[in-house]
Amino acid sequence: KLDDASCGVLAEALAGNTTILELHLSSHPVSASQARSLASSLAKNGCVRHVSIGDSTLGDEALLALCDGFRMSRSLESLDLEKKGLTSASCGSLAAAVLSSAAIRRVMLSDNDIGDRGIADFLRCASRLEALELSACLNDSAQWNLVTRAMAETFPEARSLLRLELDRNMLDERSARALADGLVRLPALESLSLHGNSGLGPGGVRALAFPTSL
């Protein structure tokens, strides 16, 4: 069990560790106080490149605590935040942490109920990313209205974005037309995943416009 005592011991050891490249604590509930302890160690550690912390109960408060560690880390490149019980409330702060970080280039936010506002807020850091996973974050096709506007604004600066996952997001033919305007603004995109958007159909596929890099 990752209780407060063991988390403190782990955090203290991690702060001075010089060999661990990946930290996986995704099967453990992590409280806000534990998150603050781990954030402090990540800020001091100089070798961890990938983290996955907390289970589906993590929530916004604990993520906000972790953001300090993400921001100050010299080595973190990849954040696995899939299915962490997040809402739109923490997405703006997460984007700010990514923008301030030295090396974060990949963020997995799939299976969080962040909605259109959360995606729009997070896309402010799109210019820093090489891979972004946003599957199952929308539950209504109408939410694409705000998302596609945000993509049209932020994707021209996302010159390094190589991979984009938008699976299971209620994408339909109408929203595909709006999405096309953002996709063609991604000059480096090599991989686009749209699995599980059953409303897309042949018309939606035809409506999409792809960059030549895809």
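Structure report, in brief. A quick note: this is a predicted structure, and the numbers were derived from the prediction, not measured.

Relative to the elements of secondary structure, serine 73 occurs in the loop between helix H3 (59–72) and strand S3 (78–80). Those residues in contact with serine 73 that lie beyond four places of it in its chain are Leu42, Ala43 and Ala102.

Another point: the nonpolar core. If you look at the biggest cluster of nonpolar residues, it comprises 64 residues, and the most contacted ones within it are Phe70 and Phe122. Ranked by residue count, the leading element in this core is H3, at six residues. Excluding anything up to four places from it in sequence, phenylalanine 122 contacts Cys91, Leu94, Ala95, Val98, Val107, Leu109, Leu129 and Leu132.

We now examine helix H1 (residues 4–16). With 13 residues, H1 extends 19 Å between its outermost C-alpha atoms, agreeing within 8% with the 18 Å of an ideal straight helix rising 1.5 Å per residue. Inspection of H1 places Cys7, Ala11 and Leu14 among the buried residues, and these make up the whole buried set. Seen from one end, H1 has its buried residues packed into an arc of 65°, which puts them on one side. Facing away from the buried side of H1 by more than 90 degrees, the exposed set consists of Ala5, Val9, Glu12 and Gly16. Check the buried side of H1 and you find it contacts strand S1 (22–25) and helix H2 (32–44).

With that settled, the discussion passes to the sheet that holds S1. Read across the open sheet, the seven strands follow the order S1-S2-S3-S4-S5-S6-S7; overall the sheet is parallel. The sheet is open, and its two borders are formed by S1 and strand S7 (191–193), each paired with just one other strand. With direction set aside, neighbouring strand axes in the sheet form an average angle of 5°. Here S3 runs beside strand S4 (residues 106–108); their pairing, made up of three bridges, is parallel. The residue of S4 that forms the bridge with serine 78 is arginine 106.

Calculation notes
- Residues numbered from 1 in each chain as written.
- Predicted model: local features only at pLDDT ≥ 70, side-chain atom pairs only at ≥ 80, totals over all residues.
- Heavy atoms only, no water.
- Helix = DSSP H or I, 4+ residues; strand = E, 2+ residues; numbered from the N terminus.
- Contact = heavy atoms within 4.5 Å.
- Core = buried A, V, L, I, M, F, W, Y, C linked by side-chain atoms within 4.5 Å.
- Buried < 20%, exposed > 50% of the residue type's maximum accessible area, 1.4 Å probe, protein only.
- Expected span 1.5 Å × (residues − 1).
- Arc of directions from axis to C-beta.
- Pairing = 2+ DSSP bridges.
- Axes fitted to C-alpha atoms, helices over the stretch in contact; angles between N-to-C directions.

So yeah, pure geometry; function would need other evidence.
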